[in-house]
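# Architecture and fold: a report
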Amino acid sequence: MKVRTRFAPSPTGFMHVGNLRTALYAWLWAKKNDGVFMLRIEDTDQARFVEGAEEMVYKTLRTAGLVWDEGPDIGGDYGPYVQSERKDMYLPYAKQLVEMGKAYYCFCTKEELEERRAAVEAEGGTFKYDKHCLSLSKEEVERRLAAGEPYVIRQNVPTEGVADFDDAIFGHISVDCAELDDMILIKADGMPTYNFANVIDDHTMGITHVLRGMEYLSSTPKYNLLYDAFGWEKPTYVHLTTIMRDATHKLSKRDGDATFEDLVNLGYLPEAIINYLALVGWSPGDEREFFTLDELKEAFSLEGLSKSPAIFDHNKLRWMNAEYIRRMDGAAYFEKAKPWLIKAGVGAMAEDPANEDIFIRILQPRTEIFSDIANVVDFLAELDEGYDTELFTNKKSKTNPEVSKAVLEAVIPLLEALPEWNETSLHDALIGFAAEKGMKNGTLLWPVRIAMSGRTVTPGGAIEIAALLGREETLRRLRLGLEKLNHEAGDICVG
RNA sequence: GCCUGGUUGGUCUAGUGGCCUAGGACGCUGCCCUCUCACGGCGGUAACAGGGGUUCGACUCCCCUACCAGGUACCA
């Protein structure tokens, strides 16, 4: 039988990474088996409908590369793919269950139930619907229905015996029917509950493997009572563990955890996010860690899925993203980096073709996520002239304000006289000068770099920075540095 | 509370009774490279939740305890 999986989000907000991972695994399993990956929107709770949420699902799945074969936007043989549009399909099935005695009409109001629930819980008990309406006579039910009284349809769970099923990850799960509540199948507004719609949809849409969150594990035995009642074949269940923020809280948008979109906006590469996510709760069984979607498709297996929840490690994601960036082709990296360079105020510099190679060399190994770029190159756009001359002192380079002053005094005319301004000429002049004077390269280059950047840590060295800044700006900054040093020396004399 | 699961270093994990004096990766860290910071190279650090069994032998099987999560909605 052809494998068919589905991703069935409810359009209630953003796509957090846990959801995305569920979609990824469902996609992988379908694709690995040359099957069909289907998208279904579960909007049975109209009170929670969020405008635009459906679009967000599409957008996320697309940028993640998880293309669906059937869905609301593209259709398919099992449509419609939006639950609210399938509304009329559910009631007949529910009625069928009523006829079989596996379900019944219930006229208890929400308010009544809440009252009873509160009363039981106040005494420390667990409320369970008492099958009150199950004892209603057929005639009374007919009469109240005819009178237009609001009703729900509840599942009639046996009071004895066990309900069970086999999960691909957790094995055999069984629970006493006595523990189970008569869940509502059809709500008073005529919509099915998630529980019921799922059973009907998964069956009528030919789903063979249900991959979904752990939160459904303990209620799945109850669903299977329904499958049994209809005589339907059950799908293979694969309950996925939750992705946690820390040991006790799961990842959630509400608590400020990053969504997929947030991560992309921060400069994470979708491929890196997907790669990382695949490894949160799944292991290929060997020691590989880098996978393209195609490679994941090959390697994916249900056996590699973990039984315990996993904490989302931003650190490792960051590392993996950096690793992806370093492996990029230089030109591709530059294309990606450009918008961030423009944002950082060095757009003009980045436009100069002569600078592309320099930017790639100094930035690519230093970029972990693209949003890092701004803070790394901002000094190129504008020098913070108030920097402390203490920066000129560096023990390892054997520099201090005095040495630096001498260096700048010598370097300024040297560079003024340079016939050409590029990395090669700068390198030859500067390194040549140091060699000629018998100085350590560091002793010469340290003060130059400090004067050009006003900071001790910079991407690249003095030569690359000078090349980027250009002759005029480089000399302006060097003169300013010298001035600061002179000023300080003066102060010391006077004082 | 009750029910259902889970528990290998700080984190993600490998491990399905002897291959484990527990492997890999992130992190942290030492050294090297070096005009700074990165990158890169070579090292280091750190774990089987606790207690009982079963067995010649338990990380692996069983039981109990602890802790964590999920469920216990006319939410999904």
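Now for a description of the structure that goes with this document. Source: prediction; values computed, not measured. (Residues numbered from 1 in each chain as written. Chains lettered and ligands numbered in written order. Predicted model: local features only at pLDDT ≥ 70, side-chain atom pairs only at ≥ 80, totals over all residues. Heavy atoms only, no water.)

## Side note on the protein's contact with RNA strand B
Taken together, 61 residues are adjacent to RNA strand B, and Arg117, Thr126, Lys187, Arg366 and Gly460 come closest. Per the 4 Å cut-off to the protein, sugar and phosphate atoms form 70% of the nearby atoms of RNA strand B. A distance of 2.3 Å separates a phosphate oxygen of RNA strand B from a polar side-chain atom of Arg117. Measuring from a base nitrogen of RNA strand B, one finds a backbone N or O atom of Ala462 at 3.0 Å. Residue contributions to the surface near RNA strand B peak at five residues, all from helix α18 (residues 441-453). Across the surface near RNA strand B, the residue classes break down as 23 nonpolar, 20 polar and 18 charged. (Near = heavy atom within 4 Å. Polar contact = N/O pair within 3.5 Å; in protein donor to acceptor, adjacent residues only side chain to side chain. Helix = DSSP H or I, 4+ residues; strand = E, 2+ residues; numbered from the N terminus. Nonpolar A, V, L, I, M, F, W, Y, C, P; charged D, E, K, R; others polar.)

## Concerning the nonpolar core
Of all hydrophobic cores here, the largest spans 107 residues; its most connected members are Leu61, Phe359 and Leu380. Looking at this core element by element, the count peaks at 12 residues for helix α19 (residues 462-494). Leu113, Tyr129, Ala197 and Tyr227 belong to the second largest nonpolar core, which has 39 residues in total. (Core = buried A, V, L, I, M, F, W, Y, C linked by side-chain atoms within 4.5 Å. Buried < 20%, exposed > 50% of the residue type's maximum accessible area, 1.4 Å probe, protein only.)

## Remarks on the sheet that holds strand β7 (residues 184-186)
Taking strand neighbours across the sheet as the criterion, the three strands line up as β3-β4-β7 in an open arrangement whose pairing is antiparallel. Each having just a single partner strand, β3 (103-106) and β7 make up the two edges of the open sheet. Adjacent strand axes in the sheet meet at a mean angle of 40° when their direction is disregarded. By the bridge criterion, two bridges tie strand β4 (residues 152-155) to β7 in an arrangement that is antiparallel. Paired with Ile153 across the bridge in β7 is Ile186. (Pairing = 2+ DSSP bridges. Axes fitted to C-alpha atoms, helices over the stretch in contact; angles between N-to-C directions.)

## Considering the side chain of Arg6
As for its position among the elements, Arg6 is in strand β1 (residues 4-7). A relative accessible area of 4% places Arg6 in the buried class. Polar side-chain contacts of Arg6 include one of 2.7 Å to the side chain of Asn198. Of the polar contacts made by the side chain of Arg6, one reaches the side chain of Asp202; its length is 2.9 Å.

## Considerations on the pattern of salt bridges
The full count for this structure, using the stated rule, is 30 salt bridges. Residues Glu261 and Lys59 are paired through a salt bridge, measuring 3.2 Å at the closest nitrogen-oxygen approach. Of the two residues, Glu261 sits in helix α8 (residues 260-265) while Lys59 sits in helix α2 (residues 53-64), which places them 202 residues apart along the sequence. Using a relative accessible area of 22% as the deciding quantity, one classes Glu261 as partly exposed. Using a relative accessible area of 45% as the deciding quantity, one classes Lys59 as partly exposed. Salt-bridge contacts for Asp378 lead to Arg455; the nearest nitrogen and oxygen are separated by 3.0 Å. (Salt bridge = Lys/Arg side-chain N within 4 Å of Asp/Glu carboxyl O.)

## Regarding the layout of surface pockets
In this approach a probe as big as a water molecule rolls over the atoms, and the regions it shows empty are the leftover space. Approximately 1,300 Å³ is the volume attributed to the largest pocket. Together, 44 residues line the largest pocket, and Ser10, His16, Asn19, Glu215 and Tyr216 are the ones closest to its centre. Elements supplying a minimum of two residues to the lining of the largest pocket: β1, α1 (17-32), α2, α6 (194-204) and β8 (209-213). Ranked by residues supplied to the lining of the largest pocket, first place goes to α1 with four residues. The residue inventory of the lining of the largest pocket, partitioned by class, reads 16 nonpolar, 16 polar and 12 charged. In this structure, the second largest pocket occupies an estimated 380 Å³ of space. Lining the second largest pocket are 13 residues; nearest its centre among them are Lys110, Leu113, Val152, Arg154 and Ile184. Looking at the lining of the second largest pocket, the elements that each hand over two or more residues are α4 (110-122) and β4. For the lining of the second largest pocket, the element with the highest residue contribution is α4, accounting for four residues. Taken together, the residues of the lining of the second largest pocket sort by class into six nonpolar, one polar and six charged. (1 Å grid on protein atoms, 1.4 Å probe; cavity = no way out; pocket = protein on both sides within 12 Å on 5 of 7 lines; lining within 4 Å. Points joined across faces, edges and corners; volume = space filled by probe spheres on them.)

## Focus: the state of the cysteines
As used in these notes, a disulfide is a covalent bond between sulfur atoms, one from each of two cysteines. A full pass over the atoms with the stated rule returns zero disulfides. With no disulfide of its own, Cys133 lies 3.6 Å from the sulfur of Cys108, the closest cysteine sulfur. Residue Cys133 is classed as buried on the basis of its relative accessible area of 4%. Not part of a disulfide, Cys177 finds its nearest cysteine sulfur in Cys106, a span of 19 Å. (Disulfide = S-S within 2.5 Å.)

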